[in-house]
Amino acid sequence: MPMAKRLLFTIKCLVALTLATCAAQAANPFRNLTNEPFATRCNGPQGAIVIPQDAVGTSQQARVSALQTQGAQSHVAHAAATLRRLQRAGVVGAGTWAGSSRLAVHTQGGRLVLPDLVRSMAVGDLGDEGNQITFQYENWTAPEQTLLETYIANAYPKARLIYGPPAFNITVKVIRDDTVTDLQGGFYDATANEIRMPSLSGNVPEDTFIFMMLVLRAFHDDVAFFYDAWEEGFVGAAATAIQVQPGVSGDFDPKDPGPFYALSVYEAVNHPELGNPTFYPAGDFGGMLVWRVAMARAAWLKAWIEDGSFFANFNRQYYAQFTSELPGDVLGLRSVASAVLPSVEGLPFQEWYQRQYVLDTSVRSGIKEYTWDIPLESAVVLIVEHYLTDGSGDEFIRGGQARTIYWSYDFAVNLYAEEGNLIDIPTTGDTPGEGFLIPTFFNIGGPQRVMVQLDLNGLRSFYPYPYGIRGFEVGENNLYGGIIGETTGTIDVEGGDGISGLNVGRAVWGDEITSFELSPLQLKITFTNPDGQTMVRQVNVGWDSYCVFLDGSSQTTLTHTFAKGTTGLQLISLPLTPALGSAPDVFGIAATDLLLARWDPAAPPDGKYEIWPNCDPLATGRGFWLRTFEDVTASITGVKAAEEQRISVPIELGWNMVGSPRLSNVPVPQLKVQVGTDTPVLLADAVDKHWVQAGIFGYGQSTGYLTLDELVPFDGYWIRCLVPAGAWLVFEPVGSTASAGQSAPQSLPKPDWVLPVHVQAGSLYSHAAYIGAAGDATDGFDPAYDMQAPPAFGPAVTARFVREEAGSKQVWLSDVRAANARRQTWDLEVTSTVADTPVRLTWPDLTSVPGELKPILLDRETGKRLYMRTSPGYTIPASDSGATRQLRIVMAADSAATLTVSSMAARPDRSGVSLSYTLSQTASVTARVLNIAGRPIRVLASGVVQPAGSGTQVWNLSDQRGTRVPSGLYLFEIEARSDDGQVVRAVRSARVPR
């Protein structure tokens, strides 16, 4: 069979790039309101063509103008050039084309115009079982109209069975519109209830498929989901399910030409870069449209394969629970879906959803590389998209040259491909931001797992490719895959015709799961490694074939007790990746009692917590917050990292929750950091390079955050990455030493002096915050000295130094400045979540602070000042705690006179004692009489402000109650406190006569 034929299915999905109506969508005003990954909310349909009714009404001119400005005609050239390249290669036929469907909405004054919804809410018939859509046809030729009418007569009843009743009773005009091109396919105007399509192409299965997608858009009409991942995904998947029903479209084959069909290679191309709030982002890059559309359809097809009534059941519940916010509330939509489909592919729906990256509707900004990697028999298709996503989700072209390495199944050999190892990604021309390579392998020892390593502008990715194992025809392998972490073993499959005891060789396997063409099935696949351990996956497969990847590494069972302690809150990690996918099963905690949280540094503006089940799955190297109501002893079976291998944990810009993949303690100085393809460097060197902030933070229930010297198994930690493109935290093989040419692990630099401030509320403590100075420090951010504190979680009392930088508030745990400054000011913010409990600040160690410096604490709310050398601490009363207090520390080495008390004399006689003294500057004076054991007898003055010069206090020989004291030796104390916080004391003695 010729190579072009082999490539036909997998590459034809590229044809959909001709839909690059994907649109610069500057006119679409809708955006995310919240940006939590997999749980966003937005204020309108972000992928829709928006037709403003203001000024120009609903005229043809307004519609055409919106279609042209938001249809991004400039991107069609990119798509057409890609198609021509494939045609020249003989991959697709000369007449191949594909179209899709778009949603159009009208706005007035910036608000959606939804006449059917307004009417339905008044009469209460949203989603009624009796709702129907009536179709009228305009401008079609007689044969075209007959074809469409005949098709809809057969397909519409099946559509109601699969999609449920329409939202509204409406009449939809199906209009042939010559302003809509074949490349655009067609669009549904939800406000006007119009389907607009070009003249039919003659490819009846594809023409009717596009028509059905537009019909399904009419089913939702004014209550369409606001996110393309849901609306376009539902429409494409359900239209596929309808087209394959008997009597609907006998010639329709999802996989051929299948320009948007990706279910067969879903696992190979399910990468995080697929996520975005819309498939039609503004910007000059449109290369991700086809992949997102294809993968959204495939994801929702998996849900339909799990339960053929999923779409109908979902829509009925969606209509029943409808609110104006629900179409744009992913958490609400997920709740509806999980109620009608509790599990998919053996996972609870909520956990399954988190693993389908195309369904992530959040903005994850940064430079990205996405590779559509399609396994063929002797080649792998690599289509590389390189782009920047900004904070609003808009995407922009990036160029460069990707370099590939093709590793053999045992990573022992770099394999040779005739096509080479370079992929050029241009910034101009017909296909900017996109590179293309099909490396072909021959004579490499037979079928095996090839690992493609791809490096591009500091980004590194790995793509497993099962070489020599995929089939395309009946009688060839239609279920195949690769094993990660093992090279031999056996495969057993339940479902279809079944597979028993199939040998795995060189980390690949393949066989027929059906003796006829593959069609939707639910399969249970079990891999047994040479040690007899098993890994089980449930997968929902569709047409053509299915590629599946299994983790076959040897499994270990570890037992660990997660102690409740005083608060139940623990910062944890697992030194293995659990074989069980569900977090409640891993810990043995009921889902209703499980609190598991993980920080997402990519969530704007500076990251946020994700709560299970909306957080990343449990895996080696990841840190989590865990709260338990009692001690939990868990026996966890999973895959541990190989001790002889280097393990790299990805870290993103900002704070990252990490854990150690090792079963023994790892000294922090031995950790390394890698940026891009650079050689990993020791942590101290990474701090010096400004790759990471100094300090690895752990957590204690009574101490809060604290910097640590080693990482312990099962504990979680924080590290702050300073590289915009992210980096890797590297754990070298167990027992290895520093690499040649690198210095041995070193301690981080230390300031010349520090002043630590401790804070306590009840039994809760905080990591000491400190200020300091160093000769090589700067007054700006210096990662060698200045540390931010990790994000707070749970009950805590904290002390943080605050700066305003670039208009935003920066919070620091330590703030070290240049040592040559004569005067420095630090703003200190103290926060407690413990109500009705005093907060106590102390500074027990000022030994390193030079004597000429005068540290003063100022309470900015009360105006109270303390000279910190002579004050042991400061208490914020309970009535003022449970909130935030603003303080300030002033450190000065100025020329102001030193406060002294001199010429002190006590002169007794039978009527009393006259106490005289001299102040060197104005101060508040407290004068007391003490007995020889130091017990106060009488206070003569308390905080009386006196100017510089002589002062006198007189004691009448009576105690505080007015009783005359007996004769004897007494002590007289003067305490003077200046405005700059200096405190001095002087004591004299005198004998009182009888």
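Above this text you will find the structure in question.
Residues numbered from 1 in each chain as written. Predicted model: local features only at pLDDT ≥ 70, side-chain atom pairs only at ≥ 80, totals over all residues. Heavy atoms only, no water.

Draft legend 1. Seen up close, the sheet that holds strand E62 (residues 983-992). Strands sit in the order E59-E58-E61-E62 across an open sheet of 4 strands; the sheet is antiparallel. Only two strands of the sheet have a single partner each, and these edge strands are strand E59 (936-946) and E62. When the angles between neighbouring strand axes are averaged without regard to direction, this sheet yields 15°. Inspection of the sheet shows strand E58 (residues 923-930) paired to strand E61 (residues 968-977) by 7 bridges, in the antiparallel sense. Looking at E61, one finds that Ser924 is bridged to Arg977. (Pairing = 2+ DSSP bridges. Helix = DSSP H or I, 4+ residues; strand = E, 2+ residues; numbered from the N terminus. Axes fitted to C-alpha atoms, helices over the stretch in contact; angles between N-to-C directions.)

Draft legend 2. Highlighting the side chain of Gln693. Relative to the helices and strands, Gln693 resides in the loop between helix H14 (683-688) and strand E39 (697-700). Ignoring anything within four residues of it in the chain, the contact list for Gln693 reads Trp655, Val687, Arg720, Leu722, Pro783, Asp786, Met787 and Gln788. (Contact = heavy atoms within 4.5 Å.)

Draft legend 3. Representation of the pairing of strand E30 (residues 595-600) in the model. For E30, the buried fraction is high: 5 of the 6 residues fall into the buried class. With 3 bridges joining them, E30 and strand E32 (residues 623-627) adopt antiparallel strand pairing. In the strand pairing of E32, Ala597 is matched with Trp625. In this structure, E30 lies alongside strand E31 (residues 608-611), joined through 4 bridges in antiparallel fashion. Bridge pairing in E31 links Ala597 to Ile611. (Buried < 20%, exposed > 50% of the residue type's maximum accessible area, 1.4 Å probe, protein only.)

Draft legend 4. Representation of the nonpolar core. Ranked by size, the top nonpolar core spans 139 residues in total, and within it Trp230, Trp300, Phe314 and Trp372 carry the most contacts. Broken down by element, this core gets its largest block of residues, 14 residues, from helix H9 (residues 289-306). Trp718, Tyr770, Ala774 and Ala777 belong to the second-largest nonpolar core, a separate cluster that totals 80 residues. (Core = buried A, V, L, I, M, F, W, Y, C linked by side-chain atoms within 4.5 Å.)

Draft legend 5. Inspection of the sheet that holds strand E16 (residues 422-425) at higher detail. Pairing in this open sheet of 4 strands is antiparallel, and the strands run E16-E15-E18-E19 from one edge to the other. Strands at the two margins of the open sheet, each flanked by one partner only, are E16 and strand E19 (459-467). The mean inter-strand angle of the sheet, taken between neighbouring strand axes irrespective of direction, is 25°. Where strand E15 (residues 400-407) lies against strand E18 (residues 448-456), 5 bridges are found, and the strand directions are antiparallel.

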